[in-house]
Amino acid sequence: MYSPDIILIFPPMFNPGEIYLALPSLKAYLETHGYKAQVLDVNVIINDIILSKKFLEKVLLEYGENVRASLPESEINTLINNVDHAKQILRSEDFYLKEQYLTALHIIRRAMELIDKIFKPYGGLLIESFGAYRYQQDSKEVAKLITQNKTIYSILYDEYIVSEILKSNTKLVGISITFSDQLIPSLLLARKLKDYDKHFSIVVGGNLVTHLHRNESFLRLLSLAGVDAAVIFEGEYALLKIVEVFDKNRESLKTSLCEIPNVIYLDANRYKLPEKIYVVKDLNDIPTPNFDDLPLDKYLTPHIVFPLLTSRGCYWSKCVFCNIPYGYYKYRFRDVEHVINDIKLLISKYNAKYIAFRDCCIPPEYMYELSKRIIEEGIEVKMYAEIRAEETFRYEHFKTAYEAGFRVLWVGVESYSQRILNLMRKGITREGIRRCLEFMKKAGMWVHVYIILGFPGETEEDLYETINFILTNHNIDSVEFSPFSLVENSPIILEGIAEKYGIVLKGKDYDLSLVYRYVLKDVPLQGENRKINEYINRIYSNEAQSFFNLVIPSYGTWLLLYVSKCGVNATKKVLQTLISSFNEVPNEN
């Protein structure tokens, strides 16, 4: 029987159509150092289970009496009888047939809402889209939920997941807590494993752990869940040392944790932060991610879009609103030849046809050199990436990138007011933005832009300038608007420069929140001003759909598939219909 040295778990809830990169990368790293690691994507396993006729019938019978009384029987039966077929559509070439695609998405969405309604007395699905934000942010609420056995995750873990972990015969488990939706499911699983066997050693890591690692309420929750250690920032070296100690003498693991860089030692209500932080100096030393353990046929996508990184961190790292660079500690990049070898290996092992580069942003010359090498090697693959609207981008860059296989590019524009761009420390210009979008569209790319509304100091004139640019610029295919949020570990907080922007901090709504409440002093528009939200609603309204198409957040890989197969114009029609259909169906929760 295969017995790994460590099981690496990716917990719910996350997009069931995507692979998250971190754990396949850690698996590859550990195995190059002689240790066996098994990756268990609990997220995709659980999504496959709950989105099934068998599961819906079971939970409706055991827990759904009130729901049956409140919903038409015909609607419930429609969901039960069609949910498996909906998954099949999203996993097959029928994904590209507009009506079937939209019908499948509607069934999946309604099935998730039904499950959430059934388990609402026990916390529901505990994901933000179903109104569970408070649960994830309030440590007292989290503590209540992880100690009860009637949440949907407790039931699923008991029936389907714990037995899989026990079969492996390993007692060392790593859990990646990357997004806030994963916090409660992760801590429930940690506590569940400790309840089954107190000899389990539980290690957590991930982006959320890094951002909250100085939060005492968070560390107490980890202890309550039975977590032994938390890894912050990069995990390769720390996890390797943990596995080495566990392999030699598991009884000494507790005492040895204190000496490992990047590791927070936890015991009861005590904790000790690491004295040293280690980062991988040379990304060329990191092996190609290993996806062997993943059930590739279970993801809700007709083709797997394999994630890769060409770098870690952000080469700019100066935007005052952004906390993404904090989690990477510093910027480093991987040589183009190593990335070419990564792509070749994914093609040879998994027949990869689609790649999503998960970098914060790829520099102009790097993308150009990578594109030229892909063309020279005759590699046939379609790709997605994020970039900055740099003035150094030339049409030749995008033309070559398109020839290499890049089809979808997401651009952090944020504002079209030069004054606001300067306040944000974006390091880009209006002319650079305009030319960049023009060149991208001329080359044939799908152009998606991010916009932040309500940045401190933004006037109505600044706001109209940005809105008018978006609505009149025909080079933009889709746009994602967000009100400004003041987040933990952004430069505004880390550098203590809130006062410079007229920001008066007012604490946080909940003790685990990464977002600060604030008011603005002598500034025309507030970050959460009703007027800002009215603008967003107007832009997302049916009247404005002739100007743009909204891409559902987190589904950029689905967009890559559609654009690559059907082209830009056909994809626009699908997304326009998708927005309309979602607007027409009320969320009953």
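See the structure above.
Before going into details, it helps to say that this report is about the structure given with it. Just so it is clear, the model here is predicted, and its values are computed rather than measured.

Before going further, it helps to examine the overall build of the chain. Within the chain, the regular secondary structure consists of 25 helices and 19 strands. The 589 residues of the chain split such that 60% are buried. As presented, the chain carries roughly 24,000 Å² of accessible surface, and 49% of it is formed by carbon and sulfur atoms.

Moving on to the sheet that holds strand β13 (residues 406-414). Read from one edge to the other, the open sheet built from six strands follows the order β8-β11-β12-β13-β14-β15, with strand pairing classed as parallel. This sheet does not close on itself; its edge strands, each paired only once, are β8 (305-308) and β15 (478-483). On average, adjacent strands in this sheet sit at an angle of 20° to one another, irrespective of strand direction. Direction of pairing for strand β11 (residues 354-357) relative to strand β12 (residues 382-387): parallel, over a ladder of three bridges. Each residue of the ladder has a partner; that of Ala356, found in β12, is Tyr384.

Counting across every chain of the model gives 31 aromatic pairs. Their ring planes at 35° and their centres at 6.4 Å tell us that Tyr153 and Tyr157 sit as a pair that is tilted. One end of the pair is Tyr153 and the other is Tyr157, both in helix α9 (residues 152-167) and four residues apart, which spans about a single turn. Joined through ring pairs, the aromatic side chains of Phe95, Tyr96, Tyr101, Trp558 and Tyr562 make up one cluster. A cation over a ring is seen here: Arg407 above Tyr402, with NZ or CZ 3.7 Å from the ring centre.

Now for the side chain of Glu414. Of note, Glu414 is situated in strand β13. What Glu414 contacts, discounting residues up to four positions off in sequence, is Phe321, Met424, Lys426, Tyr450, Ile451 and Ile452.

The space that makes up the second largest pocket amounts to roughly 300 Å³. Lining the second largest pocket are 19 residues; nearest its centre among them are Phe233, Pro325, Tyr326, Tyr329 and Leu494. Those elements giving two or more residues to the lining of the second largest pocket turn out to be α15 (324-328) and α22 (491-494).

This next bit is on unusual backbone geometry. The omega angle of the peptide bond from Pro12 to Met13 is 0°, so this bond is cis rather than trans. Tracing the chain through its elements places Met13 in the loop between β1 (6-10) and α1 (22-32). Even without being glycine, Asn351 reaches a positive phi, approximately 55°. Position of Asn351 among the secondary structure elements: in the loop between α16 (336-350) and β11. Classification of Asn351 by relative accessible area gives partly exposed; the value is 48%.

Moving on, we get to the sheet that holds strand β5 (residues 229-231). Sheet architecture is open: seven strands sit in the order β2-β1-β3-β4-β5-β6-β7, paired in mixed fashion. The open sheet is flanked by β2 (37-41) and β7 (270-272), the only strands paired with a single partner. Neighbour to neighbour, the strand axes of the sheet diverge by 20° on average, direction disregarded. Relative to β5, strand β4 (residues 201-205) runs parallel, the two sharing two bridges. Counted as the bridge partner of Val203 is Ala229 from β5. Packing of helix α10 (residues 183-196) onto the sheet brings it into contact with β1, β3 (172-176) and β4, and relative to β3 it is tilted by some 170°.

Conventions and cut-offs
Residues numbered from 1 in each chain as written. Predicted model: local features only at pLDDT ≥ 70, side-chain atom pairs only at ≥ 80, totals over all residues. Heavy atoms only, no water. Helix = DSSP H or I, 4+ residues; strand = E, 2+ residues; numbered from the N terminus. Buried < 20%, exposed > 50% of the residue type's maximum accessible area, 1.4 Å probe, protein only. Areas by Shrake-Rupley, 256 points an atom, 1.4 Å probe, with all protein chains shown as cover. Pairing = 2+ DSSP bridges. Axes fitted to C-alpha atoms, helices over the stretch in contact; angles between N-to-C directions. Phe/Tyr/Trp six-rings, centres within 6.5 Å; stacked < 30°, edge-to-face > 60°. Lys NZ or Arg CZ within 6 Å of the ring centre and 35° of its normal. Contact = heavy atoms within 4.5 Å. 1 Å grid on protein atoms, 1.4 Å probe; cavity = no way out; pocket = protein on both sides within 12 Å on 5 of 7 lines; lining within 4 Å. Points joined across faces, edges and corners; volume = space filled by probe spheres on them.

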